[in-house]
Amino acid sequence: MAKLSQEDLLAQFEEMTLIELSEFVKLFEEKFDVEAAAPVAVAAAGAPGAPAAEVEEQDEFDVILTGAGDKKIQVIKVVRELTSLGLKEAKDLVDGTPKPVLEKVAKDAAEKAAESLKGAGASVEVK
């Protein structure tokens, strides 16, 4: 059998479907007792001097009601103002603390909501 060049091999792979190529890779791994590594893992491991990825600043926050306090009715009113919940749903949310009141909101909206709830006597956590 004649030896194929790399270009010839690539031309053969171009003609294969993804399923055929996947089966070929499995057979290749079995035949030569090797494992195909993901290119991303190789690239990450290949750059030992690269700085660690910067931590992305959080832009979505959750406002979690951790306690209703003494003024439960006021807290229910604020919850209704902040959400589109009805009276029963807002009451159930306040009764079932800790529960999220708002999820994935901007930082300023989360801070305003937390201040409103704290003003009504509730204990709140922003994550």
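Rules of the game
Residues numbered from 1 in each chain as written. Predicted model: local features only at pLDDT ≥ 70, side-chain atom pairs only at ≥ 80, totals over all residues. Heavy atoms only, no water. Core = buried A, V, L, I, M, F, W, Y, C linked by side-chain atoms within 4.5 Å. Buried < 20%, exposed > 50% of the residue type's maximum accessible area, 1.4 Å probe, protein only. Helix = DSSP H or I, 4+ residues; strand = E, 2+ residues; numbered from the N terminus. Contact = heavy atoms within 4.5 Å. Salt bridge = Lys/Arg side-chain N within 4 Å of Asp/Glu carboxyl O. pLDDT = per-residue confidence, 0-100. Patch = residues over 30% accessible without salt bridge, like charges linked within 9 Å, V, L, I, M, F, W, Y side chains within 5 Å. Areas by Shrake-Rupley, 256 points an atom, 1.4 Å probe, with all protein chains shown as cover. Axes fitted to C-alpha atoms, helices over the stretch in contact; angles between N-to-C directions. Parallel < 35°, antiparallel > 145°, perpendicular 65-115°, else oblique. Left-handed = near helix turned anticlockwise from the far one by under 90°. Arc of directions from axis to C-beta. Expected span 1.5 Å × (residues − 1). Pairing = 2+ DSSP bridges.

Asker: In this structure, what is going on with the nonpolar core? I would like to understand it.
Answerer: Note on soluble globular proteins: their nonpolar side chains tend to be buried together. In terms of nonpolar packing, the biggest core is built from 21 residues, with V63, L65, V75, V79, V94, L117 and V124 touching the most fellow members. For this core, the secondary structure elements donating two or more residues are β1 (61-67), α4 (72-82), α5 (87-95), β2 (99-105) and α6 (107-119). If we skip the residues at most four places from it in the chain, L65 touches V75, L93, V94, T97, P98, K99, V101, A122, S123 and V124.

Asker: Where do I start with the pattern of salt bridges in this structure?
Answerer: When charged atoms on two side chains of opposite charge get close, those side chains can pair. Applying the stated criterion across every chain, the model contains 4 salt bridges. The partner of K88 in a salt bridge is D92, and the shortest N-O contact between them spans 3.0 Å. Highlighted residues: K88 and D92, both in helix α5, separated by 4 residues, approximately one helical turn. With relative accessibility at 57%, the residue K88 sits in the exposed group. K127 is the salt-bridge partner of E125, the closest N and O atoms lying 3.4 Å from each other. Three or more residues are tied together by salt bridges with common partners; here these are K72, K91 and D95.

Asker: Sorry if this is basic, but what is going on with the confidence of the model for the protein chain here?
Answerer: Should pLDDT be low for a region, the predicted coordinates there are not to be read in detail. The predicted model of the protein chain has a mean per-residue pLDDT of 80, with 83% of residues at 70 or higher. Contacts for the low-pLDDT stretch residues 40-44, under 50 throughout, to residues beyond four places or in other chains number 1 contact.

Asker: So what exactly am I meant to see when it comes to a nonpolar patch on the surface here?
Answerer: Residues F24, V25, F28, F32 and V34 make up a contiguous nonpolar surface patch of roughly 420 Å² in combined accessible area. Mapped onto the elements, V34 comes out in the loop between α2 (18-32) and α3 (39-45).

Asker: Explain the packing of α4 against α5 to me, please; I cannot follow it from the model alone.
Answerer: Each pair of packed helices can be summarised by the angle the axes make with each other and by the distance between the axes. Orientation of α4 relative to α5, taken along the N-to-C sense of each, is 120°, at an axis distance of 9 Å. As judged from the angle between their axes, α4 and α5 are oblique. The hand of the α4/α5 crossing is right-handed. Mapping the contact onto sequence places K72, V75, I76, V79 and R80 in α4 and L87, A90, K91, L93, V94 and D95 in α5.

Asker: How do you make sense of α4 when you look at a structure like this?
Answerer: Think of an α-helix as turning once every 3.6 residues; residues three or four places apart then point the same way. Every buried residue of α4 is listed here: V75, I76, V78 and V79. One side of α4 carries all its buried residues, which in axial view fall inside an arc of 165°. Facing away from the buried side of α4 by over 90 degrees, the exposed positions are I73 and E81. Elements in contact with the buried residues of α4: β1, α5 and α6.

Asker: Would you mind showing me how to read α2 here?
Answerer: Between its terminal C-alpha atoms α2 stretches 21 Å, which fits the 21 Å expected from 15 residues at 1.5 Å a residue. Positioned one or two residues after α2, D33 has a phi angle of 50°, which is positive.

Asker: I tried to follow the sheet that holds β1 on my own but got confused; where do I start?
Answerer: Strand pairing in a sheet relies on backbone hydrogen bonds. The paired strands run either parallel or antiparallel. Strand order across the open sheet formed by 3 strands is β2-β1-β3, with antiparallel pairing between neighbours. Looking at the sheet topology across the chains shown, the edges are occupied by β2 and β3 (123-126). Looking at each pair of strands side by side, their axes are set apart by 20° on average, direction ignored. Of the strand pairs in this sheet, β1 and β3 are connected by 4 bridges, and their pairing is antiparallel. Within β3, the residue paired with I64 across the bridge is E125.

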